[in-house]
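# Notes for the structure review
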Amino acid sequence: MRSRAYAVLIDAGFLKRKLGSRENPLTAAATRRFIDNLKDHPQLSDLHLHRVYFYDAPPLTAREHKPLGGGFIQFGNTQLARTNQRLHLELRDVPFISLRMGELRFRGWKLNNKRLPRDEHQFAISAEDLDPNVHQKAVDMRLGLDIASITLKKHADVIVLVTGDSDFVPAMKFARREGAQVFLFTLGHQVTDEVREHADLLLELPSTNPP
């Protein structure tokens, strides 16, 4: 009889927010430390690792005009783009990790954190008040489809989700109906009652530290 197996599905955007910051973005080394800590968790130590799936999107590389005399921005030359490119390149060489990539789409510009005045009907903005409006596409869909595929093909008995997103509840419910167990690593993130209801176990990694 084969040993029980588990698959780890990591929402990269969530991991970047929890273990990284704008000043210190998530690195491949920090990601590997996190995965090693996860694999050592007592609830997983007796199981066989099938694969780790890492869901992200390649950075933007387009050159876009910034309004209000702000010139141009070459997204591929930003520090964030270079950091994410290096993260993906290094993770590709790690055994048992599969990168599952969506895409980023540029949708114009939006006001940044500048507060809108309450008592004025109009106010002036400058180029510095604008941030790129970037949306991630197809990542959540790939994660949900992989949960279904892994479960139906019996690749793993346990689905280990690293996310705080309630959008995955339908996929979690499907996996459990098909006989898989769903473990959720929240990294201290508050989850809704619905997410908690459809996870067999909510687990934490006390030894996980930011990079």
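Structure: see above.
Since the model is a prediction, treat every value here as computed from it, not as a measurement.

### With respect to the overall build of the protein
- From N to C terminus, the protein includes six helices and 10 strands.
- Principal-axis analysis of the C-alpha atoms gives the protein an extent of 70 × 40 × 30 Å.
- Taking all 211 residues of the protein together, the buried fraction comes to 39%.
- Sequence separation of at least 24 residues holds for 67% of the intrachain contacts in the protein that already meet a minimum separation of 6.
- Of the roughly 12300 Å² that the protein leaves accessible, carbon and sulfur atoms contribute 47%.
- Averaging the coordinates of the 30 positive side-chain charges in the protein and doing the same for the 26 negative ones gives two points 4 Å apart.

### Topic: the pattern of salt bridges
- Enumeration according to the criterion identifies four salt bridges in this entry.
- Between glutamate 103 and arginine 105 there is a salt bridge, with the nearest N and O atoms lying 3.4 Å from each other.
- Residue glutamate 103 is classed as partly exposed on the basis of its relative accessible area, which comes to 34%.
- Overall, arginine 105 belongs to the partly exposed group, its relative accessible area being 37%.

### Some words on the pairing of strand β5 (residues 97-101)
- The two faces of β5 differ: Ile97, Leu99 and Met101 on one face are buried, but Ser98 and Arg100 on the other face are not.
- When strand β2 (residues 48-56) meets β5, the two strands line up parallel, connected through five bridges. What sits directly across from phenylalanine 54, in β5, is leucine 99.

### Thoughts on the packing of helix α4 (residues 139-152) against helix α5 (residues 169-177)
- Two elements in contact, α4 and α5, have axes separated by 9 Å at closest approach and are oriented at 5°. With respect to their mutual orientation, α4 and α5 come out roughly parallel. When α4 is examined against α5, the residues Gly144, Ile147, Ala148, Thr151 and Leu152 are found in contact with a partner set consisting of Ala171, Phe174 and Ala175.
- Looking at the contact of α4 with α5, its residues break down into six nonpolar, two polar and no charged.

### Re the sheet that holds strand β8 (residues 158-162)
- Taken in spatial order, the six strands of this open sheet run β5-β2-β1-β8-β9-β10, and their pairing is parallel. Here the strands that pair on one side only, and so sit at the sheet edges, are β5 and β10 (201-203). On average, each strand axis in the sheet is tilted by 20° relative to the strand beside it, whichever way the strands run.
- Contacting β1 (5-11), β2, β5, β8 and β9 (181-185), helix α2 (residues 28-39) crosses the sheet at an angle of about 145° to β1.

### Overview of unusual backbone geometry
- At lysine 154, a position not held by glycine, the phi torsion is positive, near 60°.
- On the secondary structure map, lysine 154 appears in the loop between α4 and β8.
- Despite not being glycine, leucine 187 shows a phi value in the positive range, around 55°.
- Mapped onto the elements of the fold, leucine 187 is located in the loop between β9 and α6 (193-197).

### Digging into the side chain of histidine 41
- Mapped onto the secondary structure, histidine 41 falls in the loop between α2 and β2.
- By relative accessible area, histidine 41 is classed as buried at 12%.
- In this structure the side chain of histidine 41 is engaged in a polar contact, spanning 3.0 Å, whose partner is the backbone nitrogen of glutamine 43.
- In contact with histidine 41, other than residues within four places in its own chain, are Phe185, Leu203, Glu204 and Leu205.

### Comments concerning the layout of surface pockets
- There is about 1400 Å³ of room inside the largest pocket.
- For the largest pocket, the lining is made up of 36 residues, of which Arg22, Leu80, Asn84, Leu104 and Val134 are closest to its centre.
- Along the lines of polarity and charge, the residues of the lining of the largest pocket split into 15 nonpolar, 12 polar and nine charged.

What counts, and at which threshold
- Along each chain, numbering runs from 1 in the same order as the chain's sequence is written.
- Where local features are concerned, this predicted model is filtered to residues with pLDDT of at least 70; where side-chain atom pairs are given and counted, the filter is 80 or more; whole-chain, interface and lining totals use all residues.
- Side-chain numbers here rest on the full set of heavy atoms in the structure, without hydrogens or water.
- The helix and strand labels rest on DSSP assignments: H or I over at least four residues marks a helix, E over at least two residues marks a strand, and numbering proceeds from the N terminus.
- Burial classes follow relative accessibility: with a 1.4 Å probe on protein chains only, a residue under 20% of its type's maximum area counts as buried, one over 50% as exposed, and anything between as partly exposed.
- Contact between two residues is taken to exist if any of their heavy atoms lie within 4.5 Å; hydrogens are not considered.
- The Shrake-Rupley method, run with a 1.4 Å probe sphere, supplies the accessible areas, and residue values consider only the shown protein chains as cover.
- Only four residue types enter the charge count: Lys and Arg as positive, Asp and Glu as negative, with His and the chain ends excluded.
- A charged residue contributes its charge at one atom only: NZ of Lys, CZ of Arg, CG of Asp or CD of Glu.
- Throughout this description, the term salt bridge denotes a Lys or Arg side-chain nitrogen within 4 Å of a carboxyl oxygen of Asp or Glu.
- Paired strands, as defined in this entry, are two strands with at least two bridges between them according to DSSP.
- For helices, the axis comes from a line fit to the C-alpha atoms of the stretch in contact; other axes are also lines fit to C-alpha atoms, and the angle between any two N-to-C directions lies between 0 and 180 degrees.
- Should an angle fall under 35 degrees it is called roughly parallel, over 145 degrees roughly antiparallel, and 65 to 115 degrees roughly perpendicular, with every other angle called oblique.
- Under the grouping applied here, Gly and all other residues not named as nonpolar or charged are polar, the nonpolar ones being Ala, Val, Leu, Ile, Met, Phe, Trp, Tyr, Cys and Pro and the charged ones Asp, Glu, Lys and Arg.
- Pairing of N or O atoms within 3.5 Å defines a polar contact, subject to two protein rules: one partner must be a possible hydrogen donor and the other a possible acceptor, and residues neighboring in sequence count only if both atoms are side-chain atoms.
- The way it works is a 1 Å grid over only the protein atoms, where trapped points that fit a 1.4 Å probe form a cavity and open points with protein on both sides within 12 Å along at least five of seven lines form a pocket, and then any residue with an atom within 4 Å of a point lines it.
- Grid points are joined across faces, edges and corners, and a volume is the space filled by probe spheres set on the points.

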